[in-house]
Every structure is written in structure tokens, then in C-alpha cells.
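# Commentary on secondary and tertiary structure
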Amino acid sequence: MKHVHFLGICGTAMGAVASAMARQGYVVTGTDANVYPPMSTFLEAEGITIYQGYKPENIPADAELIVIGNAMSRGNAEVEAVLERHLNYKSMPETMKEFFLRGHRNYVVTGTHGKTTTTSMLAWLMEDNGLNPSYMIGGIARNLGRGGRFTDSDFCVLEGDEYDTAFFDKRSKFLHYLPEAVIINNIEMDHADIYANVEEIKLSFKRLLRVVPRNGIVFINADCPNCADVRAHAAEELRMVHTVSVGMGENADIRIGDIEMHPEGSSFTLTGAADTPYAFAGERFTVPMVGDFNIRNAAMALCAAHFAGLGIEQIAGSLKTFQGVARRQEVRGCVNGITVVDDFAHHPTAIKQAIAGLRQRFPKSRLWVLFEPRSNTTIRNLFQNELAEALSHADFPVISKVENHKKLKPEEQLDEEKLCADIAATGKECFVGQNADDIVAHVVSRAHFGDVLLVMSNGGFGGIHNKLLTALATLAQ
């Protein structure tokens, strides 16, 4: 095989895999609907030809493998050409498994929340201690500078998504990743476009445990009821799978304790798993991040790194230097005494956690939360009440109208006006904006010196971050 063509090549994972294959000597080409920096320039620097806009003629005649991204669906011109011409095709997770994961020690980080941060932490702990790991992360860790790479290391750290693999493979992506170690941070209802309920999601995690080898391990959240159900399944039906619970409760196998928090970070101890190679005996760790959720993320990463053979002093030292992940409580700027913070949170639980973290970081500030319902779950009314409760923890909640309900039936759609009314009933002033410009005008006219503006979206939110900073600068003059 010499030539590989990627459909949806500018995605973070797709681009990383395409680059790795080019560096192994394959001729790599690809197509995407939107081709722009930094991914386009990165791929071009790797010698990869990119076509903009999907057309059957983009597929090279000598391409021996077509890698089809998760965003592709039937009706796409190149997808239809692949099927009509009976070409050899694979999903991106299948491609990773066949070309990069076989024979390696794969550490897979899963869960509804915290995957990107925990994966980034674990990859950094290994990188800073000379293990030179491969990694694939759904974000950009500041210590690492990129979302993915493949090396000749034995270790590979992967963010394991429970979302489906491709239009032709509805299994969760993480089932392809040949795990030696698995982290399950938490399990909640999400991805309402493919899962009917949380029981279906738990089934995917139970299937994941079926492919963990007997010399592997699963670190699982001791404080999450859904995780407890999945662990019980492993104990009853999969007796060869070794699971270790990690949490703040007394019954955790490895317990997080003695927590101290301050505006610039958090410290805690880990105790448990005596008489094992990865035991902890009350050692203290410091993570330069705020919030209980980031302490949990750090504890999981520490446990996995210790299982990989790193010493406690090594991982404690490296954790102190972790710089976080882009779009996770990232300060985008401070103008006229008003701070704009970007966060990827979009699930009600993650929203509450992010707000709590910012309260710790800016204890004396009024907190605005600007939320864009955009995911396949939050544009539905599945979390109508839960979103109201989560957003009511802000001093000034602001909600964007859903631009595209993606052909949902009216009775399935999130009701933004009801959401606002329910929040107002708790005594908070709430506003629904038609678009980013509408929200910027509303917020900037009312924000005061010392306020924090927390922007929450899993998309671009109409460029609202820069619009806020620009408008605040004009106000300051």
C-alpha cells in the first residue's frame, strides 16, 4: 500500500493520523469542506495535498485506502464514489488500530467529562519523564503543543470517545483502541443523537471492559453510580478484568483526601491499593488547576502513570508543571478590568463544575456565563430542567438562541425562553440573545470592573470571544 486518501482530513485526529502516515512514507492526500489554518498549513508542510470541497474526482485513481472521518455521511459526493467504485475504506479508529496501535501499550481515557484534560495530563506525565509517548487528544495541551502524534514508543495515550465510529460502524470509537489500561472518569447521559438513554451508554462501557487484557487495568470513578454499575458488571461477568476505584468516598480503593484549594491550583493526597506496584501511601500532589473535577482528573492520570512504571516523585514533579488545555478555563484576555474566559463545557454537569472552578479562581468577582446550546444533546429538551439548574449558579446567565435544531421535531427542541424563565424564577437576571453580536451588546453595556465573562460552547460561538474583547476595549476608551 502506497497511497492513502482521507475524507475530512482537517479534523484534529484525522490530521494527526494523516501526518503520521505521511512521515512513514505513504503518499497522503485528503479532502475537507473547510480548509484553513492552522491545520491546512500544518498538513501542507507535511507534503500532503488537500482538496477543498467534496468531489468524486478528488479521489486519486491510485489510492489504495480511503479513510472516512466520523463527520462523513451518506450523500457526500466522495463517500458515494467510494461505495460505487467498491474501494477499500476504513474508519479513522480502524486505521489507527491497524497502522499504529497493534503491539503497543495503549492507555485509553474515557468518560462523559474530563477526557481531554486527563488524557493531556497523562501524556505529559509520560513525556516529561522520557517515555516519548504517542498520543491522540481531542484538544491542544499547552505542554505538548499539538493534539496528536505517533512515535516509536511502547506507550500510546488516547482520548477514548464513546461516540460512534463512522456512518457504517455504530460501535463506540474506543472499542477499536486495543487498551492495556482504561480510565473511566464518569458516565452520564450524552450524545442524544445516537443513545436513547444512559443504559445504552453503559452498555458501550461494558463492552470496552471486555477487550481489556488480564494483564491490564481499569481505573474507574468510585463516586459515580453509573461507574459502579459498570464495575459490578466487570466483577460478575468479566472476572479477568482488574478494576480499581478512585475517588473521594471512603470505599474507594485509591482515595483522594486532604484537599486544599487556592486560586491558582489545588493539592491533595492519594492513599490505597496497598501491596500492589501502583500503591499510594498518602503522598501529596499539587496540580496548577482549580476545582474538584480537576483534582479527580489529576488523580486518574497519576494512577495510570504509576501503573505504567513511573515513580511517585517523578509524577508529582511533572504534575506541578502541567499547563492545562486550550479552551478549558482559558483566559482569553482582560480589558478594562473585565476578564473573558473560554471553556468547552456544554453538558449540565460540566457547566456546574466549570462555574464552581471559576468561583474558586475569582472568589470576589461577579460571574457571567454565556452559553451556546450547540451539541446534539443540548439543542434538545432532554436537559431542559438540568440546564436551568446548572446555569442558575451564575450571577448573570446568558443564553444564545439555537441557530439550527438539525431538523428536530418541535416537541424535541430546547425551549430557550422557558429555560430563561426557569432561571429567572431562581432570582437571577437572565437574557436570551439572538446571536453573538446581540449578546455582546447586552453584556458589555452591563458588565462592571472586576467581572468575569465565562463563555461556554463546543463550537466557535460566532467569534464571541474576540468580539467581547474588542467591544470592551472600545468601552474603555
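Please read these numbers as outputs of a predicted model, since none were measured by experiment. All residue numbers here refer to positions counted from 1 along the written sequence of the relevant chain. Whole-chain, interface and lining totals are the exception, using all residues; otherwise, since this is a predicted model, local features are given only for residues with pLDDT of at least 70 and side-chain atom pairs are given and counted only at 80 or more. Derived side-chain values reflect all non-hydrogen atoms in the structure, with water molecules and hydrogen atoms excluded from consideration.

### Re the nonpolar core
Grouped together as the largest cluster of nonpolar side chains are 77 residues, with contacts concentrated most on F6 and I184. Considering each element in turn, this core owes the most residues, 7 residues, to helix α1 (residues 12-23). Should any heavy atoms of two residues lie within 4.5 Å, those residues are counted as being in contact. Beyond its immediate sequence surroundings of up to four residues, I184 is in contact with T110, F205, L209, V218, F219, I220, N221, C227, V230 and M300. Grouped together as the second largest cluster of nonpolar side chains are 48 residues, V157, A304, F307 and A316 included. By convention a nonpolar core is built from buried Ala, Val, Leu, Ile, Met, Phe, Trp, Tyr and Cys residues, the set being connected through side-chain atoms within 4.5 Å. Only protein chains enter the calculation, and the probe is 1.4 Å; a residue is then buried if its accessible area is under 20% of its type maximum, exposed if over 50%, and partly exposed in between. Think of it this way: any DSSP run of H or I at least four residues long counts as a helix, any run of E at least two long counts as a strand, and we number them from the N terminus.

### Things to note about the packing of aromatic side chains
Pairing of aromatic side chains here covers Phe, Tyr and the six-membered ring of Trp, requires ring centres within 6.5 Å, and sorts the geometry by plane angle: under 30 degrees stacked, over 60 edge-to-face, intermediate tilted. Across all of its chains, the model carries 13 aromatic pairs by this definition. Taking the centre distance of 6.3 Å and the plane angle of 50° together, the rings of Y107 and F307 count as tilted. Residue Y107 is located in strand β6 (residues 105-110), and its partner F307 is located in helix α8 (residues 292-307); the two are separated by 200 residues in the primary sequence. Assigned by exposure class, Y107 and F307 land together as buried. Seen from their ring centres, F268 and F285 are 6.0 Å apart, and the 35° between their planes marks the pair as tilted. Taken together, the residues span a long stretch of sequence, with F268 in strand β16 (residues 265-272) and F285 in strand β17 (residues 280-287) at a distance of 17 residues. Both residues of the pair, F268 and F285, belong to the buried class. Clustering of aromatic rings is evident, with ring pairs tying together Y107, F155, F219, Y278 and F307.

### Digging into the confidence of the model for the protein chain
Confidence of the predictor in every single residue is expressed as pLDDT, which spans 0 to 100. Looking at the protein chain, pLDDT values average 91 and 99% of them are 70 or higher. Per-residue pLDDT, averaged within each element of the protein chain, yields its smallest value for strand β8 (residues 148-149) (84) and its largest for β6 (98).

### A word on α8
Its 16 residues give α8 an end-to-end C-alpha distance of 23 Å, which sits within 8% of 22 Å, the value for a rise of 1.5 Å per residue. The element α8 is largely enclosed, with a buried count of 14 among its 16 residues. Count one or two residues on from α8 and you reach G309, which has phi positive near 110°. Multiplying one less than the number of residues by 1.5 Å gives the expected span of a helix.

### Looking at the side chain of T118
Structurally, T118 is set in helix α5 (residues 115-128). Assessed through its relative accessible area of 0%, T118 is described here as buried. Polar contact is the term for a pair of N or O atoms within 3.5 Å; when the atoms are in protein, one must be able to donate a hydrogen and the other to accept it, and sequence-neighboring residues count only if both atoms are side-chain atoms. A polar contact of 3.2 Å, which involves the side chain of T118, links it to the side chain of N297. If we ignore the near neighbours within four places in the chain, the residues touching T118 are V109, I183, N185, N297, M300 and A301.

### Some remarks on the packing of helix α10 (residues 348-361) against helix α11 (residues 384-391)
Each pair of packed helices can be described by the angle between their axes along with the distance between the axes. The interhelical angle for the contact between α10 and α11, taken along N-to-C directions, is 0°, at an axis separation of 9 Å. The pairing of α10 with α11 is recorded here as roughly parallel in orientation. Of the residues in α11, those in contact with P348, I351, K352 and I355 of α10 are E386, L387, E389, A390 and L391. Residues that form the contact of α10 with α11 fall into these classes: 6 nonpolar, no polar and 3 charged. Axis angles are defined between N-to-C directions and span 0 to 180 degrees, where every axis is a line fitted to C-alpha atoms and, for a helix, only to the segment in contact. What sets the label is the angle itself: under 35 degrees gives roughly parallel, over 145 gives roughly antiparallel, 65 to 115 gives roughly perpendicular, and the rest give oblique. As a working rule, the residues Ala, Val, Leu, Ile, Met, Phe, Trp, Tyr, Cys and Pro are called nonpolar, Asp, Glu, Lys and Arg charged, and the rest polar, with Gly in that last group.

### Focus on the sheet that holds strand β3 (residues 49-52)
Across a sheet, paired strands are connected by hydrogen bonds in the backbone, their directions being either parallel or antiparallel. At least two DSSP bridges between two strands are required for those strands to pair. Taken in spatial order, the 5 strands of this open sheet run β3-β2-β1-β4-β5, and their pairing is parallel. Two strands in the sheet have a free side with no partner beyond their single neighbour: β3 and β5 (89-91). Within the sheet, the average angular offset between the axes of one strand and its neighbour, ignoring direction, is 20°. For strand β2 (residues 27-32) and β3, the ladder comprises 4 bridges, and the chain directions are parallel. Looking at β3, one finds that T29 is bridged to T49. Those strands touched by α1 are β1 (3-7), β2 and β4 (65-68), and its axis lies near 170° from that of β1.

### Some details on the pairing of strand β18 (residues 330-335)
Side chains on a regular strand alternate between the two faces of the sheet. In terms of strand pairing, β18 meets strand β19 (residues 338-343) through 5 bridges, oriented antiparallel. Bridge pairing in β19 places V335 opposite I338. The antiparallel pairing of β18 with β19 creates a hairpin that spans 2 residues between the two strands, and N336 there sits at a positive phi of about 55°.

### Brief notes about the state of the cysteines
Throughout, a disulfide means two cysteine sulfur atoms within 2.5 Å of one another. Taken as a whole, this structure holds 0 disulfides when the rule is applied. There is no disulfide at C224, and the cysteine sulfur nearest it, in C227, is 3.5 Å away. In this structure C224 comes out as buried when scored by relative accessible area, which is 10%.

### Thoughts on unusual backbone geometry
The backbone of L178 shows a phi angle near 50°, a positive value even though the residue is not glycine. Relative to the elements of secondary structure, L178 occurs in the loop between β11 (169-172) and β12 (179-184).

### Concerning the pairing of strand β13 (residues 217-221)
Most of β13 sits out of view: 5 of its 5 residues are buried. Neither face of β13 is open: one carries I217, F219 and N221, the other V218 and I220, and all of them are buried. Summarising the sheet, β12 and β13 pair through 4 bridges and their orientation is parallel. Across the sheet, V182 pairs through a bridge with V218, a residue of β13. With respect to chirality, the unit in which β12 leads through helix α6 (residues 198-209) into the neighbouring parallel β13 is right-handed. Note on handedness: a crossover is taken as right-handed if, strands pointing away from the viewer, the path from the first strand over the helix to the second is clockwise.

### Details of α5
Relative to the 20 Å expected for 14 residues at 1.5 Å per residue, α5 spans 20 Å between its end C-alpha atoms, a close match to the ideal helical length. Most of α5 is tucked away: 12 of the 14 residues are buried. When we look at burial in α5, the residues that qualify are K115, T116, T117, T118, T119, S120, M121, L122, A123, W124, L125 and M126. At the exit of α5 stands G130, carrying a positive phi of roughly 85°.

### Considerations on the sheet that holds β8
Ordered in space as β8-β7-β9-β6-β12-β13-β14-β15-β16-β17, the 10 strands form an open sheet in which the pairing is mixed. The sheet terminates laterally at β8 and β17, the two strands that pair on one side only. Pairing geometry for β6 and strand β9 (residues 155-159), over 5 bridges, is parallel. Pairing of V109 across the sheet is with E159, part of β9. Each of β6, β12, β13, β14 (243-247), β15 (254-262), β16 and β17 is contacted by α8, which is oriented at about 165° to β13, the strand it contacts most.

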